[in-house]
Structures are given as C-alpha cells and as structure tokens.
Amino acid sequence: MNEQNQPSAEVVPTGTSDADAVRLDQGHIHGEGGYPEAFENPGLPPHTPRLTDIDEAAAKRAERQIAGLFTLSIIGSILFLVGYFTFGVDARNWFPGVGVMSTTHLLLGAGLALGLLGIGLGVLHWSRTLMPGEEIVESRHHLASSDEQRAELADTFVKGVEGSQINRRPLIKYSLGGALGLVSLPILVQLVGSLGPLPKDDLYVSAWSGLPDENGKRTFSAPRLVLDPENRPIKASDVTIGSVFHVQPEGLLDLHDHVLEEKGKSSVIVMRLDPGDFADNDLGRKARDWGHDGIVAYSKICTHVGCPVGLYEQTTHHLLCPCHQSTFDVTQDCKVIFGPAKRPLPQLKITVDDEGYLIAAQPFMEPVGPSFWERD
Amino acid sequence: MSTTASTPRPADRLREADQPAPRQVDGLTAWIDDRTGAAPGIKYLMKKVFPDHWSFMIGEVALFSMLIALLTGVFLTFWFDPSMAHTVYNGSYVPLQGVEMSRAYASALDISFDIKGGLLIRQLHHWAALLFIVSLNVHMFRVFFTGAFRKPRELNWVLGTVLSLLAIVEGFAGYSLPDDLLSGTGLRAMQGFTITTPVIGSYLVYFIFGGTFPGTDIMPRLYSVHILLIPALLLGLAIAHVVLVMVHKHTQYPGPGKTEKNVVGYPVLPIYAAKQTGFFFTVFGILTLISTFFTINAIWVHGPYDPNATTAGAQPDWYMGFADGALRLLPGWLELDLGSFTLSLNVMLGALVLLPLVFIIQGAYPFLEAWVTGDKREHHLLDRPRNAPVRTGLGAAALTAYGILMFTTSNDIMAIKLHLSINDITRTYQVLIFVLPPLVFWAVKRICISLQRADREKVLHGRETSRLMQSAEGGFSELHEPLNEYDRWHYVSYEPTYPLLEGETGSDTPGVAGSGRKVSKARAAFSRFYFQDSINPVTPAELEAAHHDHETHEVIEASAEPREQIEAAEKH
Ligand code: HEM
Ligand code: FES
C-alpha cells in the first residue's frame, strides 16, 4: 500500500523519464509515459496517541472530570425533585437573568436539563479520553449474493407459482382476481361512506339565509346585524364614517351548538364610507346600492383560503387579509387589488328596519369563502 | 479443559484458583444464546465499525429528537382531551377564565398551567418536533451533497423522503390539536385549499371534517392520526432506515487508508455505543434547556379558535413555511373560470401540487442522477461536494428556491419591520423565485470548479505557505512546499469523470453505462451538462510534468505560474 515513505514523494517514473513526453495542454494522460494512471492510496496515517493514553496523571484528571459531570447530573435530578415537591404549580418568582417566571417550570426544567446534560457530556468526555482511541478497519463485502443464489430465489418463486397451479387453472386465477378486487370495496365504502355527509347546498347557504330548523331548513327572515361578540343590534346611526363593526345575523350567538360552523360562513364586516368615496363605476355603484347610506357589509371570509379578513385601512378603504395579504378595495365592491385571491368578497345587501336597526335585505347570493370546483 | 475434569487428580483442586473465574456475563450470554442462538450475531453487531464525522451526527439528532417527541407525546396523551365539546374555562390562567372554549383547548391550557411540569413536557414536545424536522432536513442535505444516496443506498434515500413527508404531516396534525386561534387558522387554511381540489374538493372536505367546517369530528380524527397512525409509520420506517444503514455499513469520507472496500472507524463497543448514548442525553439536555427558557407556541396568548377572529402576522410552524410562501406568491389570475366550474390554480399549485412534487423529485433524484451518469457501481466513499459541481449546484439552487418561499412567509412582517410596501416585496419575490435559483446554480458550480482548480494547484505546486518564506530568503527556489502523500491523497482521491457519448453502449470502466443499450441523444446531452466542466484529479504524470516545468521556468519567472496551462489542459 505504502510504496513511498518520503513525505514529499515524487512520482518515480518506471519508464522513460523524458519529461517532454508529458504535455499538460494535451489534457489528462492515462498511464502514459510509464506513469501510473492515478495516485495510490497511501494507507492510514500513523496513529498518534492521546495524552491520556501515555500519561496516567492526565488519565486520572479525565476520570475526575467525568465523575464530576456525573455528580452534576445527580445534583440536577435532586434539584428537580426539590422543585417538584416544595413549590405549588402556580408559584411564580423573580429569577436573576430571566425575570419573573413559573417557579416549578424553571426548577424542573433546569434540574432535568442538568440531570441529562451531566450524563451526556460525561459519557462523551469518557469516550474521547479513556476509551480506546485507535481507529479500526473493517472490510466491506459486496452486498449482492452469488448468481446461483439469485437464481435459486427466482426458482423458488417460479416453483411456488407452479406448485399452486394458478397458471394452469384459469378458473381459479380469474375468480380470485375478481374476489380480491371486490373485497376491497366493503372496506373502502365503509370508510368513505361514513366519514361525512355530502356537501349538498351547505356551501351556498349561511345563517343569513336563516338558522336551520329541526329539519335543517333555513327560511330568510331579514335578520338584524348584531355585534360579535356583544350580541347587540346596531343602528345605522351608530355606524360613523371610518368605523368598523364585526357582525353576525341575529340569533346566531344564542345558539348552543354549531356556533363556530355558522360563524365560519356568516361573519361579516360593516364599514361606513362617505357616499362620494365609492368609485364612479359599475362596481362602486353596485356596492353603494347594496348598502345603506354609505354603510356596506361584506363577508369576512377570505375568498382565497378562508381566513377572516380583519384589517381595514380607513384612509384607503382597503380590507387586508392577514394570512396571505390579499387586499380588497371596498370602494370597488371589494375587488381584489393585490394578493393571491381572485374573487371579490361577497357583499351582504343591507337596509334598515322601522326602528332604525341595520338588517339584511337578502341572504348572500353566492357561496362565501374559498373557491371550489362546482361553484360558478 | 473438560478432559482434565473427567479424570480428577488431587492437584486439580489446587489449580482451580488459576482457572479464570466464571464471569457473570458468561451466564447471561449463555442464557440468551440458549433461547435465541444469537450469540454470533450479537457479537458481530457489537464489533461493527462506524466511521466518525460530525456530519454523520445530524441524522442521529433527527432520530433522537423523534424519540424525545414520541416520549413526551405519550406523556401529553395522559392529560390532553381531543374533544370539541364546549366548556367554560375555569383553570388558573386568569385572562381566559370564564371564556367558552373546546375541551381540547382547555386541556392544553391545563397542561400548561395546572399540571406540575406539564408546560415543560409541552414545550419539550414542540421543540423536539421542530428539531426533528430541522435535523431531518439538514441530514438530507448532508446525504445529498456528499452523494451518499448513490447505489446501494437509493432505497434508504426513498425511505428518508417518506419519513420527511410524514414528519411534516405529523407536525401539522400536532399543531392543529390545541385548538387555539393559530391552530384553528391553520386548519381553516387546510380546509380552504383542500376544497380547491378539482371535481371532488367539496366532497373531500365534508368527509374530512365530517360536515361543515370546523365541526366536532376533526379533532378526534387528527388525534388518532397524530398519536397512532403516523407515529407508528414514523417509528417503523425509522427503524428500517437505521437497519439499512447497518446492512450497507456507513459511508465514509475519502482519506488516506479509506477505500471502497473498507470502513475505518470505531467499534460499537465501547466507543460508538458510548458516543451515541452521550449524544442522546446531550440532545435531550439541550432541548430541555431550550424548553425551559424559550416559549414556543404560547397557546394562551390568542385565545380559542373563532372563525371571526384575526391575528396579524399569522404564521405556521416553519416547515409549512414554503407551502404558505408559495400561496402568497401565486397570483390570483391563476384561478380559472371554466364556465360553470372553477379551477383554483392559485391555491392548488402551492398547496396541493407543490408538496407532492417536491417529494417526488426528491425521491427520484438518485435514479435520475444514475441515469445521467450511467454509473451503476456501488459507492461507499463520499464525494466532497466540490467534486460534483453540478450536483452541488442543483442542491444549492433547490435550497435557494426553498429559502425564498420560506422568506415569503414573513413578507408582512418584513414589510412592517423594514417599512417597505408589501406589494413591492411580494413582486420582488415573484421575480426572484425564477431568477435566483439558476443564478445560484451557476455561481455554486463555478465556485466548486475553482475549488477543484485550487486543489489541483496545491497538488501540482505544493502548499502556498512557503510563499511567506519567499520574501524572507529573497530567492525563488523554495516557492512551495510539496504535499506529503497523505495530504495529497485528500486532493486526488476522486475519480475522473467523462460524459456519456451518444450511441455509446458500454465503457471500459466496469459498470459505467455498460447495459448494452445505446446512449440516447437526450441522455448524452444531460450527461454533458453534468460532466463537461468538471475537473479531473491530478495524475502522477501531470505532477511529474509540473515538476519538470517548475525547474525550468521558475527561476526565470517565478510568479508566472502555469495556471493558464492547467486551464488549457482542463478545457480539453
Ligand atoms: C408518538 C408520538 C407523539 C404523540 C403521542 C404526540 C402527542 C401529542 C399530543 C397529545 C398533543 C397535544 C397536546 C398539546 O398541544 O400540548 C401534541 C401536540 C403536538 N405535537 Fe405531538 N405527539 C407525537 C409525536 C409528534 C411528532 C413526531 C411531532 C412533530 C413532527 C409532533 C408535533 C406536535 C406539535 C407541533 C404539537 C402542538 C404542540 C403545542 O401545542 O405546543 N408530535 N402531540
Ligand atoms: S386566506 Fe386571505 S389571502 Fe389567503
């Protein structure tokens, strides 16, 4: 392996030493001019012993350090136990460097960390200083088995199939195929069939179309807009220019069940704009017409993937979705002016009842929230 | 020994003291071997040699943090209640007292505030999960950049790919369990992008959620996925992964004495076992320290999930970042209106296509590379990344794309912190995602090649250190100190490579494109792309030539090193 022992080994040419035979600009030379094709592996460098291998005093020092780390671990575990049994779960104290903090959390954490790190670092130090430090060479063997062994395996399969006679008896072969194909169906049907109901019209309706009765039917009843979470109806006169209200249809917040499911579709944001702020185009006019006196109501469920669009910039009349920053322009019927959403936020047509409270004039006319295949 | 025992003589009694005392461990090994016959196998395993390198520890960190997540996760199951039933919170966290919430959220709060040490376990669980996914990815890149995925380890690369996908799903399922505002917002987004699946989207989400979002079914379902289904798969596949490592024997970095036919390192007993044990405790200890002092996922801050509530700067755990980033970059016009149907490519591409695509490409890479290089041999010596410039460049480009998507996730935060317009930032990213990866590929490939050149330079002309001596001596005779054979080996111990040529059927290098099938035009082109610029190691003949060159020219013009010549040679 180690043919040349000179550290600054030159390659000793075995053939002619006429250096002109080798020209760099001719590219790579393969074993030409009597030189080997590539360098040879010089073999493992000589092992240099560690201090702890040759100096017993150093070894003793390492031993003490390792034992010291293990002792730290013992102290850590005791700290944990003391912390656990002396303090209540809600005790809080001031600790230097970290400030006020849950006492048990800190003592338990620090104790456990010390207990683990003491062992970990101790064992690592031990393995580096005192355990044998010389590398060992193990040889590798080709993974592949011999050709005969592979052929024997293949034979085994072939013989197995022959033994079963499946190829000679088509009746068995095809009926088994059919049976296996069908038997997966019961399992699949059970799972898929029982996981959940079909969507039906559920994506198209919301609590603005009415709350479901015992039969799940919804009848529109021009509900008032109530504040979420105060559950209080609002008068048109409460909505000043620049203010924002988060509302639900009246009755929703009194439900016991399915509150979140209803809110997920019916959350609406209400703003008042100066009627002159609406854009002077079809979109702006429609937005104003569906509102009341500059007050407009829009679905809060983002048409991208459904986050609540909660950030209203008064000066620009932009609604911003916090999830991926889709930006909707209220003056243009909440058309998307930036970001990954495509469709505008659906508008809820509103008006006032005879007491001056804001009510829905009609339910949402399209599904709210993210797009799906069969919506048009 | 037994023959003397059968014919007892008086002196035997005296000799007994000389015979090795029966050791306790003999009894133990005998007991086990009587029942399993495993003595030789276990001995073989205990003497197995593992090479030692810091970069081999990253995979261990992944394994250990997974085990820690499993352990702490089992603790959490004793107190966590995956139920969407309503309850009114009356635990000891004052700001939320009297608030209506789900049992799931209330029990996660109880773990944090009313169960001694519960918060520590929760924090350990989440930090271990994060470290698991980080280290898994870094490990994967170590394997990639060193070419450790080549034959015979392609299978293990595929296993690793599946593990990393499962880890992400597991993490997402866990993140959704506490049912606080952030976890509900994450679920809402999941519902929102699943529903965009063409044709079956709305059916799919009604099946997954058992009806209208959020419903009460999703929590128990996620729970059994999170604590049963995926952990079982993770554990099983991780074990298979490690067993395959042992079957293959670990790869090693090239170096003096290391060959394709050996493994140089430390035996399991005592060194490797001790190092692993020490390392496990150390990782566990460090995670505990982090969990003590740094709060992750403070579920009490934002309150329970409410579809009508918003937080600015909502962000998922980091490993979902790239998909979230892609959702931010895809423009809205990609949502196509197909008459009475809607195809939301703006959502689908990022949420439903990107993730599987990334994992398919990742899983297929070893096979693609083998096809391009025509290399069918086993490889147990790793590549230094510079010696595979195209692979290293491709990896760097992939990392760049991933990084851009991750950065995009914080475009809102960045806009606020840097006072930039979010529109400008997003548009910049939209451009960068196309421009930067190819640029990085090109730059990294060039850097690799110049590093290879520098290596050649060192071999041909020795160490540069002696340049300092040049001025001290005033002469030019000792410009460079030649490398000794051990050092030189570091720079020359890789294989020369050549592109496959079109129409070629075999090669004189065993195993290289020797399948007998003709190399197609496309394959030859890929192979040229892969290899054409790579620089091959110095050969003994070249070294000799350089020496010759050295002697004749150096004294005349010491500074004019034959770099141009090398370059000319390399261009071949
Ligand atoms: C057998 C293994 C595991 C079990 C039994 C388990 C169990 C649990 C339980 C009961 C929770 C809810 C409690 C809480 O939120 O505090 C939870 C949360 C979580 N799990 Fe796991 N888990 C396991 C493995 C994992 C793994 C491998 C990951 C990551 C890849 C992970 C990531 C999470 C995350 C991110 C949370 C949210 C934690 C938080 O609220 O801070 N889990 N897990
Ligand atoms: S959910 Fe609103 S922008 Fe994505």
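As the structure is a prediction and not an experimental result, all values here were calculated from the model.

Q: Explain the overall build of chain B here, please?
A: Counting its secondary structure elements, chain B contains 22 helices and six strands. Burial status across chain B gives 52% buried among its 572 residues. Across chain B, every contact between residues at least 6 apart in sequence was considered, and the portion connecting residues at least 24 apart equals 75%. For chain B, the exposed surface amounts to about 26600 Å²; the carbon and sulfur share of it is 67%.

Q: For this particular structure, what's the right way to read the site of ligand 1?
A: Residue and element names in this part refer to chain B. Neighbouring ligand 1 are 25 residues, the closest being Leu-70, Arg-122, His-125, His-126 and His-226. One nitrogen or oxygen atom from the side chain of His-126 is found 2.8 Å from an oxygen atom belonging to ligand 1. In the environment of ligand 1, a nitrogen atom lies 2.7 Å from a nitrogen or oxygen atom belonging to the side chain of His-226. Elements supplying a minimum of two residues to the shell around ligand 1: α5 (57–77), α7 (118–145), α8 (154–176) and α11 (218–248). Class assignment for the residues of the shell around ligand 1 results in 15 nonpolar, eight polar and two charged.

Q: Could you clarify how one ought to interpret the sheet that holds strand β11 (residues 335–338) of chain A in this entry?
A: What holds strands together in a sheet is hydrogen bonding between their backbones, with the strands either parallel or antiparallel. Residues and elements named next belong to chain A. One open sheet accounts for four strands, arranged β8-β9-β10-β11; its pairing is antiparallel. The strands lining the two open edges of the sheet, one partner per strand, are β8 (311–313) and β11. Neighbouring strand axes in the sheet, compared pairwise and without regard to direction, differ in orientation by 35° on average. In this sheet, β11 lies alongside strand β10 (residues 327–329) in antiparallel orientation, the contact comprising three bridges. Across the sheet, Phe-328 pairs through a bridge with Val-336, a residue of β11.

Q: Help me understand the domain arrangement of chain B in this model?
A: The figure often quoted for interface size is the accessible area lost as the parts come together. Residues and elements named next belong to chain B. Once the domains are mapped, chain B shows domain 1 (10–47), domain 2 (49–383) and domain 3 (446–570). One C-alpha centre belongs to domain 1, the other to domain 2; they are set 46 Å apart. Residue-level contacts link four residues of domain 1 with six residues of domain 2. Carbon and sulfur atoms make up 61% of the surface buried where domain 1 meets domain 2, a total of about 380 Å² over both sides. Scanning the region where domain 1 abuts domain 2 turns up zero salt bridges. Linking domain 1 with domain 2 are three residue pairs in polar contact (both at pLDDT 80 or more), by the criterion used here. Among the residues forming the side of domain 1 that touches domain 2, the class breakdown is three nonpolar, no polar and one charged.

Q: So what exactly am I meant to see when it comes to the pairing of strand β6 (residues 341–344) of chain B here?
A: By the bridge criterion, four bridges tie strand β5 (residues 335–338) of chain B to β6 of chain B in an arrangement that is antiparallel. The residue bridging Leu-338 of chain B from the neighbouring strand is Phe-341 of chain B, located in β6 of chain B.

Q: Would you mind going over the state of the cysteines with me for this structure?
A: Every disulfide links exactly two cysteines, by a covalent bond between their sulfur atoms. All names here are of chain A. Per the stated rule, a full pass over the model turns up one disulfide over all chains. Between the sulfur of Cys-307 and that of Cys-323 lies a disulfide, 1.9 Å long from S to S. Between Cys-307 and Cys-323, the disulfide has an S-S torsion of -80° and is therefore left-handed. Residue Cys-307 is found in the loop between β7 (295–299) and β8, and its partner Cys-323 is found in the loop between β9 (318–320) and β10; the two are separated by 16 residues along the sequence. The exposure class assigned to Cys-307 is buried, which follows from its relative accessible area of 1%. Taking the relative accessible area as the measure of exposure, Cys-323 reaches 8% and is therefore buried.

What counts and how
Residues numbered from 1 in each chain as written. Chains lettered and ligands numbered in written order. Predicted model: local features only at pLDDT ≥ 70, side-chain atom pairs only at ≥ 80, totals over all residues. Heavy atoms only, no water. Helix = DSSP H or I, 4+ residues; strand = E, 2+ residues; numbered from the N terminus. Buried < 20%, exposed > 50% of the residue type's maximum accessible area, 1.4 Å probe, protein only. Contact = heavy atoms within 4.5 Å. Areas by Shrake-Rupley, 256 points an atom, 1.4 Å probe, with all protein chains shown as cover. Near = heavy atom within 4 Å. Polar contact = N/O pair within 3.5 Å; in protein donor to acceptor, adjacent residues only side chain to side chain. Nonpolar A, V, L, I, M, F, W, Y, C, P; charged D, E, K, R; others polar. Pairing = 2+ DSSP bridges. Axes fitted to C-alpha atoms, helices over the stretch in contact; angles between N-to-C directions. Domains from an automatic or database assignment. Buried area = accessible area lost by both parts, 1.4 Å probe. Salt bridge = Lys/Arg side-chain N within 4 Å of Asp/Glu carboxyl O. Disulfide = S-S within 2.5 Å.

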